[in-house]
Amino acid sequence: LSTHLRNLWPFLSRAMSQEVAEAAPSSAAAPAKPEAKEKKAPSSYDFEPPLATVRKIAKASLPTHVKMGSDSVQACAKAAGIFVHYLTSCANDFCKENKRTTLSAEDVIDALRELEFDDLIEPLKAFLEQQKVARAEKAASKKAAAAADAKGGEAAANGHGEDKANGDVSGDKPVD
């Protein structure tokens, strides 16, 4: 844990001090003509989940009589972004150790274990299993739909099938 934190801390402290400096009002007088803001590339530390999402998650986990101030929601969002960055950095270390360039779910699980978030591992594994089943069901339904379309196209080519306009299933076209 401490090795990853030591590696990540210089980046986090630099990003946080940069945000504080940008948020602080400048001592220079405001220019007479407003200038267009410069667009700069987003930093990897600029990520924060949407405040509405953070508020919804926090509200669901708090007792009903507890309210959250907007500053606490923003603090939670910033902390969530930092946590995601930290977890990803640790998972990337596992990926590099295994000489791979693509992070896997197993890398994230290993990172959670190393960061001592063992209580998150089982729910994550259960979620991943549910996703795997859902993907398999979706693929099976797509395959069945494709097979039905192919069978329907074959039946229409042979003159067997339903005329969708009038419900005629004889294969004969209605006479006008």
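Residues numbered from 1 in each chain as written. Predicted model: local features only at pLDDT ≥ 70, side-chain atom pairs only at ≥ 80, totals over all residues. Heavy atoms only, no water.

## Structural notes on the nonpolar core
- Y86, L87, C90, A91, F94, I109, A111, L112, L115 and I121 form the largest nonpolar core, which has 10 residues in total.
- Within the residue set of this core, elements represented by two or more residues are helix 3 (70-97) and helix 4 (105-114).
- Looking at which element gives the most residues to this core, the answer is helix 3, with 5 residues.
- For L112, the contacting residues outside a window of four places in its chain are F83, L87, F117, D118, L120, I121 and L124. (Core = buried A, V, L, I, M, F, W, Y, C linked by side-chain atoms within 4.5 Å. Buried < 20%, exposed > 50% of the residue type's maximum accessible area, 1.4 Å probe, protein only. Helix = DSSP H or I, 4+ residues; strand = E, 2+ residues; numbered from the N terminus. Contact = heavy atoms within 4.5 Å.)

## Focus on the layout of surface pockets
- Its boundaries defined by the atoms lining it, the second largest pocket holds a volume of some 200 Å³.
- If you tally residues by element for the lining of the second largest pocket, the top one is helix 2 (residues 51-61), at 3 residues.
- Residue composition of the lining of the second largest pocket, by class: 6 nonpolar, 1 polar and 3 charged. (1 Å grid on protein atoms, 1.4 Å probe; cavity = no way out; pocket = protein on both sides within 12 Å on 5 of 7 lines; lining within 4 Å. Points joined across faces, edges and corners; volume = space filled by probe spheres on them. Nonpolar A, V, L, I, M, F, W, Y, C, P; charged D, E, K, R; others polar.)

## Focus on unusual backbone geometry
- The backbone of K99 shows a phi angle near 55 degrees, a positive value even though the residue is not glycine.
- Tracing the chain through its elements places K99 in the loop between helix 3 and helix 4.

## Quick notes on the side chain of D107
- Within the secondary structure, D107 sits in helix 4.
- With relative accessibility at 1%, the residue D107 sits in the buried group.
- Here the side chain of D107 touches R100 through a polar contact of 2.7 Å, side chain to side chain.
- Here D107 is in contact with A91, F94, C95, N98, R100 and T102, once residues within four sequence places are set aside. (Polar contact = N/O pair within 3.5 Å; in protein donor to acceptor, adjacent residues only side chain to side chain.)

## Some thoughts on the packing of helix 2 against helix 3
- Where helix 2 meets helix 3, the closest approach of the two axes is 9 Å, and the angle between their N-to-C directions is 100 degrees. The angle between helix 2 and helix 3 places the two elements in the roughly perpendicular class. Contacts from L51, V54 and R55 in helix 2 reach V73, Q74, C76 and A77 in helix 3.
- Considering only residue class, the contact of helix 2 with helix 3 consists of 5 nonpolar, 1 polar and 1 charged. (Axes fitted to C-alpha atoms, helices over the stretch in contact; angles between N-to-C directions. Parallel < 35°, antiparallel > 145°, perpendicular 65-115°, else oblique.)

## Things to note about the environment of F94
- By the element assignment, F94 lies in helix 3.
- For F94, a relative accessible area of 14% translates into the label buried.
- In this structure the C-alpha to C-alpha distance between F94 and D107, which are 13 residues apart in sequence, comes to 5.9 Å.
- Once residues lying within four places of it in the same chain are set aside, the contact partners of F94 are R100, D107, D110, A111 and E114.

## Some remarks on the confidence of the model for the protein
- With 60% of its residues at a pLDDT of 70 or more, the protein shows a mean pLDDT of 77.
- Within the protein, the lowest mean pLDDT, 53, falls on helix 1 (residues 2-23), and the highest, 95, falls on helix 4. (pLDDT = per-residue confidence, 0-100.)

## Looking at the packing of helix 3 against helix 4
- At a closest axis distance of 8 Å, the pairing of helix 3 and helix 4 adopts a crossing angle of 110 degrees. The orientation of helix 3 relative to helix 4 falls into the category roughly perpendicular. Along this stretch, helix 3 crosses helix 4, giving a crossing that reads as right-handed. Across the interface between the two elements, F83, L87, C90, A91, F94 and C95 of helix 3 pack against D107, V108, D110, A111, L112 and E114 of helix 4.
- Partitioning the contact of helix 3 with helix 4 into residue classes produces 9 nonpolar, no polar and 3 charged. (Left-handed = near helix turned anticlockwise from the far one by under 90°.)

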